[in-house]
Amino acid sequence: MSHVNFDTSQKETIEKRKEEMRHKREAAANLFHENDGKEIHGRKMADVVYFNKDYVNAKEKFNATSLTKMVEEHLENDYKKRQELRETKEEIRYYPSSVGRCLRETTYRMLKYPATPKSGTNLQVLENGNSFHQRMEDTLADMGIMIAPELSLKDESLCIYGRSDAIVWNFLDDAFEEEEDTSNQIELYNTKDEVIYVGPKNRVLLVDFKSIQDKSFNKLPKKKPKKEHEMQLQLYFYLTGINKGILYYENKNNQQTTEYVIERNDKIISDVLEEIRYCVDLAKQRELAPRLLKPTDVQCRYCDFREICWPNAAPFTFEDLFIEEVNE
Ligand code: SF4
């Protein structure tokens, strides 16, 4: 860094300039309050206006001078807080995102075993997935076809608590039951537990968004989605009463998309429910499901509980994450 030596008159000029700026800011603040926050110098004020006194010292707050480090620290702390909040919840919970995953992992989660903390870099990958969901919800809302961006999913007897992705008006079918046919009526709830839809079950579609790595995207079969994703959607059908939906995939690397229309399948639903009941029973007895995989299997390599499940296995690095897909 180069140092500049100012002479006395230059220093005076700088001080004078600083003093002028301070007066201007104070005058702006006074004007803001006098005008009830509506106008300044003939210009409309934003709802929130920042002044010098509002300064946030990010360097001190994060004890870092690199924006990358600050972002990562923020994400890591935020994630830790959410994990801790989850772990303080007394009751056993089955999260629908566990469908199709290793049953031992599911029981670790239900019994609130401590997961390996995620690195800031890893969390940025998750944030990207969240942004994709947000982008899709905004788009569907702008298109005017969305009923709700998310639905609340609950089944106390199965200890299920979670949420689905978007619900849209059905554009795939033309023949619908009449409004009067109450046997096909369903009620759907948003995440605040408010009723968001009352009507025939086949008037709406459930859309589940998945963002996946290029390699996995290119390996998707033409006619069928990934098995665990279909199982998850079938569980949503069971919990909501909806009979049809779409699995909508986006390639993380280039935003290419593909979609699969999925109909309710009672056989898959029954298999999924059996798996959930098995995990719930084990968790109620404070037991873990047996290990059915090897530490070198993809699921084990990126599992949040790898360190306690395979304490002597070699760790995997973040770079491995790009070899196979995770975090959809
Ligand atoms: S490390 Fe492997 S076997 Fe153990 S819980 Fe995770 S995925 Fe399952």
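The structure we're discussing is the one just above.
What counts, and at which threshold
- Residues numbered from 1 in each chain as written.
- Predicted model: local features only at pLDDT ≥ 70, side-chain atom pairs only at ≥ 80, totals over all residues.
- Heavy atoms only, no water.
- Helix = DSSP H or I, 4+ residues; strand = E, 2+ residues; numbered from the N terminus.
- Buried < 20%, exposed > 50% of the residue type's maximum accessible area, 1.4 Å probe, protein only.
- Contact = heavy atoms within 4.5 Å.
- Areas by Shrake-Rupley, 256 points an atom, 1.4 Å probe, with all protein chains shown as cover.
- Core = buried A, V, L, I, M, F, W, Y, C linked by side-chain atoms within 4.5 Å.
- Patch = residues over 30% accessible without salt bridge, like charges linked within 9 Å, V, L, I, M, F, W, Y side chains within 5 Å.
- Salt bridge = Lys/Arg side-chain N within 4 Å of Asp/Glu carboxyl O.
- Phe/Tyr/Trp six-rings, centres within 6.5 Å; stacked < 30°, edge-to-face > 60°.
- Lys NZ or Arg CZ within 6 Å of the ring centre and 35° of its normal.
- Pairing = 2+ DSSP bridges.
- Axes fitted to C-alpha atoms, helices over the stretch in contact; angles between N-to-C directions.
- Near = heavy atom within 4 Å.
- Nonpolar A, V, L, I, M, F, W, Y, C, P; charged D, E, K, R; others polar.

**Student:** Would you mind going over the overall build of the protein chain with me for this structure?
**Tutor:** Along its length, the protein chain carries 10 helices and 11 strands. When burial is assessed residue by residue, the protein chain has 38% of its 328 residues classed as buried. Residue pairs at least 24 apart in sequence account for 63% of intrachain contacts in the protein chain once pairs closer than 6 positions are excluded. Put simply, the protein chain shows about 20800 Å² of open surface, and 50% of that area lies on carbon and sulfur atoms.

**Student:** What exactly am I supposed to notice about the nonpolar core here?
**Tutor:** The tendency in soluble globular proteins is for nonpolar side chains to be buried side by side. Ile167, Leu188, Val204, Leu235, Ile242 and Ile276 are the most contacted members of the largest nonpolar core, which has 40 residues in total. Only strand E3 (146-148), strand E7 (185-189), strand E9 (204-212), helix H7 (227-240), strand E10 (244-251), strand E11 (257-263) and helix H8 (266-284) provide two or more residues apiece to this core. Among the elements that take part in this core, H8 stands out by supplying 8 residues, more than any other. In this view, Val204 contacts Ile147, Ile167, Val168, Trp169, Asn170, Ile186, Leu188, Tyr197, Ile242 and Lys244; residues no more than four positions away in its chain are not counted. The next biggest cluster of nonpolar side chains, apart from the first, holds 10 residues, and it includes Val168, Val207, Phe209 and Ile246.

**Student:** What is the right way to read a nonpolar patch on the surface from this model?
**Tutor:** Judged by side-chain polarity, Phe171, Leu172 and Val261 come together as a nonpolar surface patch covering roughly 260 Å² of accessible area. Residue position: Val261 is located in strand E11.

**Student:** Where do I start with the packing of aromatic side chains in this structure?
**Tutor:** Aromatic ring pairs: the centre-centre distance and the angle between the two ring planes describe each pair. One pass over the structure, following the stated rule, counts 6 aromatic pairs. Following the ring pairs from residue to residue traces out a cluster consisting of Tyr108, Tyr113 and Phe305. The ring of Tyr161 carries the charged tip of Arg93 above its face, separated from the ring centre by 4.2 Å. The ring of Trp310 has Arg291 sitting right over it, with the charged end atom 4.9 Å from the ring centre.

**Student:** Can you walk me through the sheet that holds E9 in this structure?
**Tutor:** Backbone-to-backbone hydrogen bonds join strands into a sheet, with any given pair of strands oriented parallel or antiparallel. The strand order across the open sheet formed by 5 strands is E3-E6-E9-E10-E11, and the pairing between neighbours is mixed. Bordering the open sheet on either side are E3 and E11, each of which pairs with just one other strand. Shown here is a sheet whose adjacent strand axes are inclined to one another by a mean of 30°, direction ignored. Relative to E11, E10 runs antiparallel, the two sharing 7 bridges. In the sheet register, Tyr249 faces E11, and the bridge partner there is Thr258. Where helix H5 (residues 120-143) meets the sheet, its contacts fall on E3, strand E6 (167-169), E9 and E10, and the angle it forms with E9 comes to roughly 145°.

**Student:** Can you help me understand the site of the ligand in this one?
**Tutor:** As a structural note, the neighbourhood of the ligand is formed by Cys102, Arg104, Glu105, Tyr108, Leu293, Gln299, Cys300, Cys303, Arg306, Cys309 and Trp310. For the shell around the ligand, the secondary structure elements donating two or more residues are helix H4 (103-110), helix H9 (298-301) and helix H10 (306-309). It is H4 that contributes the most residues to the shell around the ligand, 3 residues altogether. For the shell around the ligand, the per-class residue count stands at 7 nonpolar, 1 polar and 3 charged.

**Student:** Help me out: how do you make sense of H4 in this one?
**Tutor:** For an α-helix the count is 3.6 residues per turn, leaving residues at separations of three or four pointing the same way. Taken across its 8 residues, H4 has 6 buried, putting it largely inside the fold. Along H4, the residues that are buried comprise Arg104, Glu105, Thr106, Thr107, Tyr108 and Met110. Lining the buried residues of H4 we find H8, H9 and H10. Just beyond H4, the residue with positive phi is Lys112, at close to 60°.

**Student:** Mind showing me how you'd approach the pairing of E7 here?
**Tutor:** Here E7 shows a clear split, with Ile186 and Leu188 buried on one side and none of Gln185, Glu187 and Tyr189 buried on the other. Pairing between E7 and strand E8 (residues 195-200): 5 bridges, direction antiparallel. Of the residues in E8, the one forming a bridge with Glu187 is Val198. Where E7 folds back on E8, the antiparallel hairpin that results is connected by 5 residues, among which Asp193 adopts a positive phi of roughly 65°.

**Student:** I'm lost on the pattern of salt bridges in this one. Help?
**Tutor:** One pass over the structure, following the stated rule, counts 16 salt bridges. Between Asp54 and Lys53 there is a salt bridge; the shortest N-O distance is 3.4 Å. Exposure remark for Asp54: the relative accessible area of 30% places this residue in the partly exposed category. Of the residues examined, Lys53 reaches a relative accessible area of 66% and is grouped as exposed. Among the salt bridges present, the one from Arg101 reaches Glu105, with a minimum N-O distance of 3.2 Å. By relative accessible area, which is 39% here, Arg101 ends up partly exposed. Residues joined by salt bridges that share partners form a network here, namely Arg101, Glu105, Arg109, Lys118 and Asp304.

**Student:** Even after reading the chapter, I still don't get the pairing of strand E5 (residues 160-163), so can you show me in this structure?
**Tutor:** Looking along a regular strand, one sees the side chains alternate between the two faces of the sheet. Bridge analysis of strand E4 (residues 152-155) against E5 gives 4 bridges, and the strand direction is antiparallel. Bridged to Lys154 within E5 is Tyr161.

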